[in-house]
Amino acid sequence: MSITKMARAQVQALTPYQSARRIGGQGHIWLNANEAADSGEYQLDCARLNRYPECQPPQVINRYAGYAGVTAEQVLVSRGGDEGIELLIRTFCEPGRDQILICTPTYGMYAISAETNGVGIIDVPLRDDRQPDFDGIIKQLDNVKLVFLCSPNNPTGDLVDKTGLLRLLEAAKERALVVVDEAYIEFCPESTQAGLLADYPQLVLIRTLSKAFGLAGIRCGFTLANPEVIGLLIKVIAPYPIPEPVAQIAAQALSDSGLATMRARVAEINALKATLAGQLRQNAQVKEVFAPNGNYLLVRFTPGSDVFARMGKAGIILRDFASKPGLSDCIRITIGNSAEMDAVLQILQQEQ
Ligand SMILES: *Cc1c(COP(=O)(O)O)cnc(C)c1O
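Note that the structure is a prediction, hence the values are computed from the model and not measured. (Residues numbered from 1 in each chain as written. Predicted model: local features only at pLDDT ≥ 70, side-chain atom pairs only at ≥ 80, totals over all residues. Heavy atoms only, no water.)

1. Remarks on the overall build of the chain
Argument step 1. When helices and strands are counted, the chain shows 13 helices and 13 strands.
Argument step 2. Expected size for 352 residues packed as a compact globule is a radius of gyration near 20 Å; at 20 Å, the chain falls within 12% of this value.
Argument step 3. For the chain, buried positions account for 53% of its 352 residues.
Argument step 4. Here the contacts in the chain between residues at least 6 apart in sequence split such that 70% fall between residues at least 24 apart.
Argument step 5. As displayed, the chain offers around 16100 Å² of accessible surface, 51% of which is attributable to carbon and sulfur atoms.
Argument step 6. Between the mean site of the 33 positive side-chain charges and the mean site of the 38 negative ones, the chain shows a separation of 4 Å. (Helix = DSSP H or I, 4+ residues; strand = E, 2+ residues; numbered from the N terminus. Rg over C-alpha atoms; globule rule 2.2 N^0.38 Å. Buried < 20%, exposed > 50% of the residue type's maximum accessible area, 1.4 Å probe, protein only. Contact = heavy atoms within 4.5 Å. Areas by Shrake-Rupley, 256 points an atom, 1.4 Å probe, with all protein chains shown as cover. Lys, Arg positive; Asp, Glu negative; His and termini not counted. Charge placed at Lys NZ, Arg CZ, Asp CG, Glu CD.)

Structure below.
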């Protein structure tokens, strides 16, 4: 008897998320997962590791609330932003009946989490101007529990238009939750929608320490929403989701000096990004540089496959999006350190 046949049909049929780590590759310059180029230094106190940790470590919650400008009751901490996405689906969507709505091309985990939980997916693709098709989404609201928007959008970099978002929030009242994924918001903090949380109980934000805070390795993310939503998520989350060392490191990252370190890193990345974008635009192999709002640039090359292969041969691992609808010849480049950006440009400028 095959063990595989014992698994749920849904799981047997599943294609796992093609994470940068799973795709892998040979290389010494990793610019494929939107990780930071450095991490930072942290102290660990191991005196209490014999005890189970707090479900929602108060210092982490309080510091994140202070940082985000919301109350502690509006914050949930989870094992990465990805667990926040999964918890929303498990909390609000009835398997086999309910659906989520996504706007492709976008972050892959919304669809993966829905599939693994037996929840349907409605795709209302981005418009040609790469904004969500708000009219199209509003028409589908009776059929969905959660609408996932991503701002800045991974991989295109665009910010969700606020007027459209407000229209969607009004239409979604008492029908669906609107989730705005702000995993990259530190790179354009003035564009956060956190100011709308107080007025719109149907709004949810996803945040993470994996990108601007340089802590992808500790798996720590946040969900911001009104206290009623947070209370429901806490019913579903595991009893001890945040390991004690993770809570200690997260609290340090969210201290005043931790926030200053993060903001210095963001300033450096944004400067390197502006330089790289300018140099790319002058290169004959570059057709288009997409919106520069995250710690990455999506670039359309002529042709992309050739550039991707040349980079790979030189040990530079990028993320290829060429197979995604509307993104032919597109490659996403994470902004690393300045030596890494020089290496990218050098390969691009080599004689072919
Ligand atoms: C990286 C990312 C996340 C969450 O990442 P975690 O490492 O699980 O916190 C969420 N959304 C988007 C769009 C991302 O790129």
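2. As for the UniProt feature "modified residue: N6-(pyridoxal phosphate)lysine" (unreviewed entry) in the chain
Argument step 1. Under the UniProt annotation, the feature "modified residue: N6-(pyridoxal phosphate)lysine" (unreviewed entry) is placed at K211.
Argument step 2. Structurally, K211 can be placed in the loop between β7 (203-208) and β8 (221-224).
Argument step 3. Excluding anything up to four places from it in sequence, K211 contacts A33, N34, A36, A183, Y184, F187 and N295. (UniProt positions renumbered as here; feature names shortened; annotations may be inferred.)

3. Examining helix α5 (residues 80-92)
Argument step 1. Over its 13 residues, α5 extends 19 Å from the first C-alpha to the last, a length consistent with the 18 Å expected when each residue adds 1.5 Å.
Argument step 2. Among the residues of α5, G80, G81, E83, G84, I85, L87, L88, I89 and F92 are the ones counted as buried. (Expected span 1.5 Å × (residues − 1).)

4. Describing the domain arrangement of the chain
Argument step 1. Each assigned domain of the chain is listed here: domain 1 (3-38 + 258-349) and domain 2 (46-255).
Argument step 2. Spacing between the C-alpha centres of domain 1 and domain 2 amounts to 23 Å.
Argument step 3. At the junction of the two partners, domain 1 supplies 32 residues and domain 2 supplies 32 residues.
Argument step 4. Taken together, the two surfaces of domain 1 and domain 2 that pack against each other cover about 2500 Å², and 61% of this comes from carbon and sulfur.
Argument step 5. In this assembly, domain 1 and domain 2 are joined by one salt bridge.
Argument step 6. A salt bridge links E288 to R130, with the nearest nitrogen and oxygen atoms 3.3 Å apart.
Argument step 7. Where domain 1 packs against domain 2, one counts twelve residue pairs in polar contact (both at pLDDT 80 or more).
Argument step 8. Tallying contributions element by element places helix α11 (residues 256-281) first for the side of domain 1 that touches domain 2, with nine residues.
Argument step 9. A per-class count over the side of domain 1 that touches domain 2 returns 16 nonpolar, eight polar and eight charged. (Domains from an automatic or database assignment. Buried area = accessible area lost by both parts, 1.4 Å probe. Salt bridge = Lys/Arg side-chain N within 4 Å of Asp/Glu carboxyl O. Polar contact = N/O pair within 3.5 Å; in protein donor to acceptor, adjacent residues only side chain to side chain. Nonpolar A, V, L, I, M, F, W, Y, C, P; charged D, E, K, R; others polar.)

5. Details of the pattern of salt bridges
Argument step 1. Under the defined criterion, the tally for this structure stands at 16 salt bridges.
Argument step 2. Here R127 and D129 are joined by a salt bridge, their closest N and O atoms 2.8 Å apart.
Argument step 3. Within the structure, one salt-bridge network assembled from shared partners comprises R130, D158, E288 and R300.

6. Digging into α11
Argument step 1. A rise of 1.5 Å per residue sets the reference length of α11, with its 26 residues, at 38 Å; its end C-alpha atoms lie 37 Å apart and thus fit the reference within 8%.
Argument step 2. Within the sequence span of α11, burial applies to G258, L259, M262, R265, V266, I269, L272, K273, L276, A277 and L280.
Argument step 3. Where the residues of α11 are buried, they touch α4 (58-68), α10 (244-253), β9 (286-289), β10 (296-301), β13 (330-334) and α13 (338-349).

7. A look at the sheet that holds strand β6 (residues 177-181)
Argument step 1. Ordered by their spatial adjacency, seven strands build an open sheet running β2-β8-β7-β6-β5-β3-β4, and the pairing between neighbours is mixed. Edge positions in the open sheet fall to β2 (75-78) and β4 (120-123), since each of these has one partner strand only. Pairwise comparison of adjacent strand axes, ignoring direction, gives a mean angle of 25 degrees for this sheet.
Argument step 2. Bridge analysis of β2 against β8 gives four bridges, and the strand direction is antiparallel. If you follow V77 over to β8, its bridge partner there is F222. (Pairing = 2+ DSSP bridges. Axes fitted to C-alpha atoms, helices over the stretch in contact; angles between N-to-C directions.)

8. Some words on the sheet that holds β9
Argument step 1. Strand order in this open sheet of four strands is β9-β10-β13-β12, and the pairing throughout is antiparallel. Single-partner strands in this sheet number two, and they are β9 and β12 (319-320).
Argument step 2. Judged from the five bridges that link them, β10 and β13 form a sheet pairing that is antiparallel. Paired with V299 across the strands is I331, a residue of β13.

9. Concerning the packing of helix α12 (residues 304-313) against α13
Argument step 1. Their axes nearest at 10 Å, the elements α12 and α13 cross at an angle of 120 degrees. Our classification of the angle between α12 and α13 gives oblique. Crossing of α12 against α13: the hand is right-handed. Residues V307, R310 and M311 of α12 touch α13, and the partners they reach there are V344, I347 and L348.
Argument step 2. Among the residues making up the contact of α12 with α13, the classes are represented as five nonpolar, no polar and one charged. (Parallel < 35°, antiparallel > 145°, perpendicular 65-115°, else oblique. Left-handed = near helix turned anticlockwise from the far one by under 90°.)

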